[in-house]
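Structural features, examined
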Amino acid sequence: MELCKITFHAKRVVMLMCCMLACLYVNAQTTVKGILLDSLTNEPEPYATVRVYKGTTESQPIAMTLSGTEGQFQTTLNGRGDFTVVCAATAKQALMRHFTVGGEKEIDLGRLLLSEKESTMRGVEVTAMKPVVRMEADKITYSVEDDIDSRSMTVLDMLRKLPKVVVDGQDNITVSGQSSFKVYVDGKPNMMLTSNPSLILKAMPASMVASIEVITSPGAKYDAEGAGGIINICMAKTNVAAGGAQQLNGYNGSISANGGNRGGGISANVSGQNKRLSYNANFNYQYVDNGEVDVKILREQIEDAMKTDYHLKSKNTVPFIMGGLGLGYEIDSLSQVNASFDIQRFGVTNEGDPITRLYGGALGVGYAFGNHSKTKIGNTTYNGSLDYQRFFDAQHESSMTLTYQVSCTPSQKDSWTTEFYSTQASNGVAPLPLDRTSKGDEMTTEHVGQFDLVNKLTAHAKLNTGLKYAHRRSTSDMKYYDVIGGEQKLSEAMSSDYEHTNQIGAIYAESEHTWDRWSAKAGLRYEHTWQRYASLRQTPFKANYGNLVPSMTASWTIKPGQSLGATYNMRISRPGITFLNPYVDRSEPTSINYGQPNLSVEKNHIVSLVYNLYTPKFIMNATLSQAFDKGVIEEYSFYDKDGILNTTYGNIVDCRTTSLSFFASWALTRTTRLFFNGTGSYADLSSSVLDAKNYGWSGNAMLNVQQTLPKQWTLSAVVVANSRRLTLEGSTSGFNLGVLTLSKSLLKDRLNLSLTGVTGLAKGGKLHIDQFKEGRNFTSQSNISVPITRVVLTARWTFGNTQKQFQQRQSRVKSDYIEHQSSSESIGNAGKM
């Protein structure tokens, strides 16, 4: 009897163990991951829909997710057997891949390539719309080449569409509400674009650009300078990636010409790959005529009621030329070397006839005088770079990069202030200034060396470290001449010269971690600056200081296509030579300008909460930010005892800004797309030095409707509205403008013709800008009228064989494509295939 009981219990134990083993077998989890890439460009495919089926696709999907911003996807499966994964993205052919799970903990499907897809619907040929925005907690990438307006607009026009970027009526750019930011080209700092972003980007066709990144919370890897962050412009080209993309053995490019009432030009670019070698070249020439700008300024001294009335009508023209060449070579599957060289040159000619009148107070009816003024500026930049990258693993997750950059910028500035004449005088005599000319030569040379190391520590952790050293030397020699009796006499008192040297050493470390739906990145960067200023005419000075700059980012994926992020970032702005130079500029008869050598570094702290939503038809980004700025460098003015207006700089402003930015892209139908980009902010500015404060609301909005019409016609309408912008001592009024573009594609999309019209939505089609400023002992009112109306006709021809050859090569790849459906149809019918 006891033996029977023991046998019964033993059977129960065995059965229980078998059930447990069966449960373990059934519930064994396997992580399946991969990376989705564009088959032509090898760029990541973000927000693609990934569905996994048990067996074939006749059943319902057992798992679904969206690819991340870098094209990566990951999902967890239970059990063993045969599975099928289907990947679908807008404007792409759906990709099907079969695989078998045999109890592995992880299966890596590797790099999956998605090819372009065009569909035909009701006899009307339609190309599916690709998402133009890729969103992350600390960065937003705008795909310029996928926006139909890029065929006819400039890069500056495209910036008006970007989240967190504002371009005002005078083409001044701010990023996250800050006028201090850095401009990169293909991931490398560009000196000329950082110094003159509006002028150059206004002369650069958007068709030369592939995408623009707005990095509002740069990590420790990036330079700490630039309070607003970084604008990274990625030029249109084919990149070589070591062991990544297949060798295209082809080329593609475009030639574009434009002309209108505000100038015209021609641009061209070509890029390609031949086995291990990739190359790209571009050329652009533009002539921009900004028309006649009308400026009226009225300043009044509070103590003695003396007034200065200034009126200027001036014309401005800008010829711009640039060219570049880039080469990349894949040494082997783990290493590559890249080199680039480019030249950028622009000239600015301003010419006008200002009239100045001084009256009131002790001057009584006063006096007035006029003159002829002309300024010519020529600026050239030579940029070169060489970098070597070595990967330490076949997955390309750990790497080392060595980079060297050199930049040289010679510039010239000549001006003439001549032909003074009296227009009104008390007692019959007006004190006319002397005719004056000036000739200036400047040169800036910069050398940069950088070492970056990326270590994949575990499947969920990465450590980035690096070193950087930059040496910048600027020289200036500005000579002023008084014209007496037709002869020029050097004015030593007004002439200036200097040599300014900046050396910056940096070291950084940054750690990245991922846990299921969570990801986080934290970094620390230290930068030390050595400055030296020497001059034959001014007092020399030196500066030596260091800055410790932290940054943090955290992101939580609520569910596929929906995420919440938080960022903290500290940025700095070093005072440039314009702010530091103690030279007193007396070129204007009624005012002087000078810098302050004792200025310190601005420090900007920004905390943001970021929400991203992505669906196949709707994309949204909302960012709530709080910025704290203490000791901001601000220009301020005052009248001295001689009645001369002094303008200088100081670390005098404290600012707190709360802002909410919102971006949305909505594919209303297969042929209609709607964009909205807007920001509202509240600023509180104060200065104990000037005993001044200002606070209030400001905002801006952009609405863009794009419509695909039959017969390869497209229509785009853009409306931009900006409210007033606050400064410490006053405000600048807002503006409204509209843009309408009609495009037609011909010859199998090889030729595109576009007609674009731009106008201000005010009387006369101009932008009317009013500025008010209340200084320490004066008030100033300015009225500026800017002619913005323009009509531009653009023709663009694309050529190449990259797509054809690559698709032929793809036909030999062991992948199964769904040929008869558009990507949107594939998403909707994936469960019925």
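One can find the structure itself at the top, above this paragraph.
This report concerns the structure included in the present document. (Residues numbered from 1 in each chain as written. Predicted model: local features only at pLDDT ≥ 70, side-chain atom pairs only at ≥ 80, totals over all residues. Heavy atoms only, no water.)

Describing the environment of Gly79
We count it as follows: The helix and strand labels rest on DSSP assignments: H or I over at least four residues marks a helix, E over at least two residues marks a strand, and numbering proceeds from the N terminus. Accessible area is worked out with a 1.4 Å probe on protein chains only. A residue is then buried under 20% of its type maximum, exposed over 50%, and partly exposed in between.
When you line up the elements, Gly79 lands in the loop between strand S4 (72-78) and strand S5 (81-88). For Gly79, a relative accessible area of 10% translates into the label buried. In this structure the C-alpha to C-alpha distance between Gly79 and Lys54, which are 25 residues apart in sequence, comes to 9.9 Å.

Comments concerning the pairing of strand S32 (residues 562-573)
To keep it simple, the criterion reads: At least two DSSP bridges between two strands are required for those strands to pair.
Within S32, ten of the twelve residues are buried, which leaves the element mostly enclosed by the surrounding structure. The turn joining strand S31 (residues 541-559) and S32, which pair antiparallel and follow one another in sequence, is formed by two residues; a positive phi near 90 degrees is taken by Gly561. Two elements, S32 and strand S35 (residues 602-614), share twelve bridges in a ladder whose sense is antiparallel. Paired with Leu564 across the two strands is Tyr611, which belongs to S35.

A word on the packing of aromatic side chains
Between two aromatic rings, the relevant description is the distance of the centres plus the angle of the planes. Cut-off, in case you're wondering: Under the pairing criterion, centres of Phe, Tyr and Trp rings, with the six-membered ring standing for Trp, must be within 6.5 Å; the plane angle then separates stacked pairs below 30 degrees from edge-to-face pairs above 60, leaving the rest tilted. Remark: a charge is flagged as sitting over a ring if the NZ atom of Lys or the CZ atom of Arg is within 6 Å of the ring centre and within 35 degrees of the ring normal.
Enumeration according to the criterion identifies 13 aromatic pairs in this entry. On the basis of an interplanar angle of 55 degrees and a centroid distance of 6.2 Å, the ring pair of Tyr184 and Tyr222 is categorised as tilted. Here the residue Tyr184 occupies a position in strand S14 (residues 182-185), and Tyr222 occupies one in the loop between strand S16 (209-215) and strand S17 (230-235), the gap between them amounting to 38 residues. By relative accessible area, which is 26% here, Tyr222 ends up partly exposed. Among the aromatic residues, ring-to-ring pairing joins Tyr498, Tyr533 and Phe541 into one connected group. The ring centre of Phe83 lies 5.1 Å from the NZ or CZ of Lys54, which sits over that ring.

A closer look at the sheet that holds S14
Strand order in this open sheet of six strands is S10-S11-S16-S17-S14-S15, and the pairing throughout is mixed. The open sheet terminates on both sides in strands that have one partner only, identified here as strand S10 (133-135) and strand S15 (188-189). Pairing of S16 with S17, which is carried by six bridges, proceeds in the antiparallel orientation. Along S17, the bridge assignment pairs Val214 with Ile231.

Notes on the pattern of salt bridges
In plain terms, the rule: Salt bridges are counted wherever a side-chain nitrogen of Lys or Arg sits within 4 Å of a carboxyl oxygen of Asp or Glu.
Considering all chains together, one arrives at 26 salt bridges under this definition. A salt bridge links Glu492 to Arg537, with the nearest nitrogen and oxygen atoms 3.0 Å apart. Of this pair, Glu492 sits in the loop between strand S28 (487-490) and strand S29 (496-515) while Arg537 is found in the loop between strand S30 (518-534) and S31, placing the two residues 45 residues apart along the sequence. Overall, the relative accessible area of 48% leaves Glu492 in the partly exposed class. With relative accessibility at 30%, the residue Arg537 sits in the partly exposed group.

Let's talk about the sheet that holds S4
Within a sheet, adjacent strands bond to each other through the backbone by hydrogen bonds, running parallel or antiparallel. Rules: Between N-to-C directions, angles cover 0 to 180 degrees, with each direction set by a line fitted to C-alpha atoms, over the stretch in contact for helices.
With mixed pairing, three strands are arranged side by side in an open sheet as S4-S1-S7. The strands lining the two open edges of the sheet, one partner per strand, are S4 and strand S7 (106-114). Averaged over neighbouring strand pairs, the angle between their axes works out to 20 degrees when direction is ignored. When strand S1 (residues 29-38) meets S7, the two strands line up parallel, connected through seven bridges. Looking at the pairing, Ile35 lines up with Arg111 of S7.

A short note on the environment of Leu363
With respect to the helices and strands, the residue Leu363 is situated in the loop between strand S23 (355-359) and strand S24 (367-391). Taking the relative accessible area as the measure of exposure, Leu363 reaches 28% and is therefore partly exposed. In sequence terms Leu363 and Ala305 are 58 residues apart; their C-alpha atoms lie 9.7 Å from each other.

Side note on unusual backbone geometry
One non-glycine residue, Lys164, adopts positive backbone phi at about 70 degrees. For Lys164, the position within the fold is in the loop between helix H2 (155-159) and strand S12 (165-167). Although it is not a glycine, Lys711 sits at a positive phi angle of roughly 60 degrees. Owing to a relative accessible area of 67%, Lys711 belongs among the exposed residues under this scheme.

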